[in-house]
Amino acid sequence: LSQVLAITLSHVGVSLASALLLLSGFFFTLCFVPETLQETMMMRAIEKQSLEEGGLLQTIIRPVSELKILNRNNFFRLLAFVSFCSAFIYSSDQTLVVYYMEEHLAVHDETVAYMLGATSLLGVLIQVFLLNRVIALFGEKKTLILGFFFGTFHNLIYGI
């Protein structure tokens, strides 16, 4: 959707439309999406929070302490590290490609929007139609390794 907005609207229009969509999604969720936490679980959580004192400090520390699940064994540590690096590099790649295209190839916002729309659509199609088959064929761990391999190959092509 964001690519279509970039093609049809000005920069200010895209900003206003994005803010409007964000606010409407927030209010829709607030008003119409039901609570999924069961009443008994909610009461337990409220009791647990009332027993734990610490206020703001506890609120800040809690998400970090819940990341302990990633420290269970070497596989989870390695997976978290590689996933972080992969996301960091992918984000950098997209940003640098856009600047490179605008600077050296003299493309405009509309062309960049088409490119991002095509890559987004291709990503959705691969996840919907191909990912389950690849997991069934190779298994989850080998599929993950295969994905990281192709990501590395993709970045190697950038370097060449």
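Residues numbered from 1 in each chain as written. Predicted model: local features only at pLDDT ≥ 70, side-chain atom pairs only at ≥ 80, totals over all residues. Heavy atoms only, no water.

A. Summary view of the overall build of the chain. The secondary structure content of the chain amounts to 7 helices and 0 strands. What you see in the chain, going N to C, is helices and strands ordered as α-α-α-α-α-α-α. Over its C-alpha trace the chain gives a radius of gyration of 22 Å, far above what one expects of a compact globule, namely 15 Å for 160 residues. For the chain, the spread of C-alpha atoms along the three principal axes comes to 60 × 45 × 35 Å. Of the contacts made within the chain by residues no fewer than 6 positions apart, 44% connect residues no fewer than 24 positions apart. Of the roughly 13700 Å² of accessible surface on the chain, 70% is carried by carbon and sulfur atoms. The averaged location of the 12 negative side-chain charges in the chain is 18 Å from the averaged location of its 9 positive side-chain charges. (Helix = DSSP H or I, 4+ residues; strand = E, 2+ residues; numbered from the N terminus. Rg over C-alpha atoms; globule rule 2.2 N^0.38 Å. Contact = heavy atoms within 4.5 Å. Areas by Shrake-Rupley, 256 points an atom, 1.4 Å probe, with all protein chains shown as cover. Lys, Arg positive; Asp, Glu negative; His and termini not counted. Charge placed at Lys NZ, Arg CZ, Asp CG, Glu CD.)

B. Here's a closer look at a nonpolar patch on the surface. A surface patch of nonpolar side chains, about 990 Å² in accessible area, is lined by L137, F138, L146, F149, F150, F153, L156, I157 and I160. Mapped by element, the contributors of at least two residues to the nonpolar patch are α6 (109-138) and α7 (140-159). Top element by residues in the nonpolar patch is α7. It accounts for 6 residues. Here F149 shows up in helix α7. (Patch = residues over 30% accessible without salt bridge, like charges linked within 9 Å, V, L, I, M, F, W, Y side chains within 5 Å. Salt bridge = Lys/Arg side-chain N within 4 Å of Asp/Glu carboxyl O.)

C. Up close: the side chain of T143. Its location among the elements puts T143 in helix α7. We classify T143 as buried; its relative accessible area is 13%. Those residues in contact with T143 that lie beyond four places of it in its chain are L131, V134, I135 and F138. (Buried < 20%, exposed > 50% of the residue type's maximum accessible area, 1.4 Å probe, protein only.)

D. View of the packing of helix α5 (residues 74-104) against α7. Contact pair α5 / α7: the axes reach a minimum separation of 11 Å and the direction vectors enclose 35 degrees. Considering how the two elements wind past one another, α5 and α7 form a crossing that is left-handed. For the pair formed by α5 and α7, the contact residues are F75, L79, V82, S83, S86, I89, D93 and V97 on the first element and K141, L144, F148, H154, N155 and Y158 on the second. Within the contact of α5 with α7, the residues separate by chemical class into 8 nonpolar, 4 polar and 2 charged. (Axes fitted to C-alpha atoms, helices over the stretch in contact; angles between N-to-C directions. Left-handed = near helix turned anticlockwise from the far one by under 90°. Nonpolar A, V, L, I, M, F, W, Y, C, P; charged D, E, K, R; others polar.)

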